[in-house]
Amino acid sequence: MKNEQLTYTSEFASEVQEGLTSFPKFLSSKFIYDEKGDVLFQKIMDLPEYYLTNCEYSILEKHTDAIADQFNSENGFDLIELGAGDGKKTKILLRHLVAKKYDFNYLPIDISGHILEKLEAALKEEMPDLKVNIQQGMYFKVLGKLAEYNTRKKIIIVLGSNIGNLNHEEAIDFLKNIQLAMSKDDMLFMGFDQKKDPQIILDAYNDKTGVTAAFNKNILHRINQELGANFKPDNFKHWETYNPETGTAKSFLVSLEEQKVTIPELKLEVNFKKWESIHTEISQKYDDEVVEWLADKAGLKVKEFFSDDKKFYKNYVFQK
Ligand code: AVJ
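Calculation notes
Residues numbered from 1 in each chain as written. Predicted model: local features only at pLDDT ≥ 70, side-chain atom pairs only at ≥ 80, totals over all residues. Helix = DSSP H or I, 4+ residues; strand = E, 2+ residues; numbered from the N terminus. Rg over C-alpha atoms; globule rule 2.2 N^0.38 Å. Buried ≥ 20, exposed ≤ 12 C-beta atoms within 10 Å, placed from the backbone. Contact = placed C-beta atoms within 7 Å. UniProt positions renumbered as here; feature names shortened; annotations may be inferred. Near = placed C-beta within 6 Å. Nonpolar A, V, L, I, M, F, W, Y, C, P; charged D, E, K, R; others polar. Core = buried A, V, L, I, M, F, W, Y, C linked by C-beta atoms within 7 Å. pLDDT = per-residue confidence, 0-100. Pairing = 2+ DSSP bridges. Axes fitted to C-alpha atoms, helices over the stretch in contact; angles between N-to-C directions.

As named in an unreviewed UniProt entry, the chain is Dimethylhistidine N-methyltransferase, taken from Mesonia maritima.

Here's what the structure looks like:
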């Protein structure tokens, strides 16, 4: 555990070093999520502007029968989830599959053993008949291991349009890694947020109450906490853009004044000009053509998809 912690810290340190000494400056959104970042993201999911969660909810609720039909097989199946979190959305699906007495195991994969144990305890309470088998580790390592030892049909699910934080090249790698762990009958079920009215997208990532701004600035708090830096997060402004041509929403932190930040752990001094930016996150929006193109590049085919009434969001079913 100690060793793992060390590797994480140094990966964080070296990426912060690289991003803040580059031009233009950038930081990876994966570093927003510490304990406080997790709580802020939970709050984002409850925001009226953040339509993604409700859309995926409504898809899972409205199409549960058809989705379960896709999953089912004669010898049952293993339902493997990448990044289960608190399982709020997955529970809709699980409840339905349990009620219908489908023969399946639920295998949530997460890097955090703590999150998995909490999820397991909650599921034991809420669905005592559900067979849960938590898998702590890195997604693709665990997937590889499961592919080796498990013979049942695998249904791999990734909810929340988490792929949107990756650029296309990274997204293809991500999909390819999943594809490599899949056999012929296995399926991938994955959420992709869709292109839509740019204003709706901007509002989702720039809410009135400032939760998203606090979420974005949490990356500066983390650098303060873990690398001893003296960022003043209030000296930065959260700024969101959406490019309808590429479908890319981008988050920035913009320096409100000329300022100097010291990061003792990196032995680094970072200068900001007034209005200089740090790029922190992308949230890619998709359409069918782009999803099909990504799938094709990764050796997958789109077999089916499910959408909400407004077509804001889609969950696609992929096969090899
Ligand atoms: C967790 C990647 C799906 O990009 O929509 C929400 C993260 N960032 N608000 C997204 C996020 C700002 C979220 N994902």
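Undergrad: Can you walk me through the overall build of the chain in this structure?
TA: Looking only at helices and strands, one finds eleven helices and 14 strands in the chain. Relative to the globule expectation of 20 Å for 320 residues, the C-alpha radius of gyration of the chain, 20 Å, shows essentially globular dimensions. Taking the principal axes of its C-alpha atoms as reference, the chain extends roughly 65 × 45 × 35 Å. Scored against the burial criterion, the 320 residues of the chain give a buried share of 34%. Within the chain, contacts between residues at least 6 apart in sequence are counted, and of these 74% link residues at least 24 apart.

Undergrad: How do you make sense of the UniProt feature "domain: Histidine-specific methyltransferase SAM-dependent" (unreviewed entry) in the chain when you look at a structure like this?
TA: The feature "domain: Histidine-specific methyltransferase SAM-dependent" (unreviewed entry), as given by UniProt, occupies residues 12-319 in the numbering adopted here. Secondary structure across residues 12-319 comprises 40% helix and 26% strand; the distance between its end C-alpha atoms is 35 Å.

Undergrad: Could you clarify how one ought to interpret the site of the ligand in this entry?
TA: By nearness alone, every residue bordering the ligand is listed as Ile 44, Leu 52, Gly 160, Ser 161, Asn 162, Gly 164, Asn 165, Tyr 205, Thr 212, Phe 215, Glu 281 and Ser 283. Listed by contribution, the elements that provide at least two residues to the shell around the ligand are helix H10 (211-227) and strand E12 (277-284). The class makeup of the residues in the shell around the ligand is four nonpolar, seven polar and one charged.

Undergrad: It is not clear to me how the nonpolar core should be interpreted in this structure. Could you clarify?
TA: In summary, soluble globular proteins display a tendency toward joint burial of nonpolar side chains. Judged by nonpolar contacts, the single largest core of 49 residues is most densely connected at Leu 79, Ile 155, Leu 175 and Leu 188. Among the elements that take part in this core, strand E7 (residues 187-193) stands out by supplying five residues, more than any other. Not counting residues up to four positions away in its chain, the partners in contact with Leu 175 are Leu 294, Ala 295, Ala 298 and Leu 300. Phe 215, Ile 219, Phe 231 and Phe 236 belong to the second-largest nonpolar core, a separate cluster that totals 20 residues.

Undergrad: Would you take a moment to explain the confidence of the model for the chain for this structure?
TA: As a general rule, the predicted coordinates of low-pLDDT regions are not to be interpreted in detail. Per-residue confidence for the chain gives a mean pLDDT of 94, with 97% of residues at or over 70. Every residue in residues 1-5 is under pLDDT 50, and counting partners more than four places away or in other chains gives zero contacts.

Undergrad: What exactly am I supposed to notice about the sheet that holds strand E8 (residues 236-243) here?
TA: For sheets, the rule is that strands pair by backbone hydrogen bonds, running either parallel or antiparallel. Taken in spatial order, the four strands line up as E1-E12-E9-E8 in an open sheet, and their pairing is mixed. Whereas interior strands pair on both sides, the edge strands pair on one side only; in this sheet they are strand E1 (25-26) and E8. Judged from the seven bridges that link them, strand E9 (residues 248-255) and E12 form a sheet pairing that is antiparallel. Across the sheet, residue Ser 251 finds its bridge partner in E12, namely Glu 281. Its contacts with the sheet put H10 on E8, E9 and E12, and the angle it makes with E8 is roughly 115 degrees.

Undergrad: What am I meant to see in the pairing of strand E14 (residues 313-319) here?
TA: Both faces of the sheet carry side chains from a regular strand, because those side chains alternate between them. Taken across its seven residues, E14 has five buried, putting it largely inside the fold. As paired elements, E7 and E14 share six bridges and run antiparallel to each other. Among the inter-strand pairings, Phe 192 is bridged to a residue of E14, identified as Lys 314. Summarising the sheet, strand E13 (residues 301-307) and E14 pair through six bridges and their orientation is antiparallel. Bridge assignment links Lys 301 to a residue of E14, and that residue is Gln 319.

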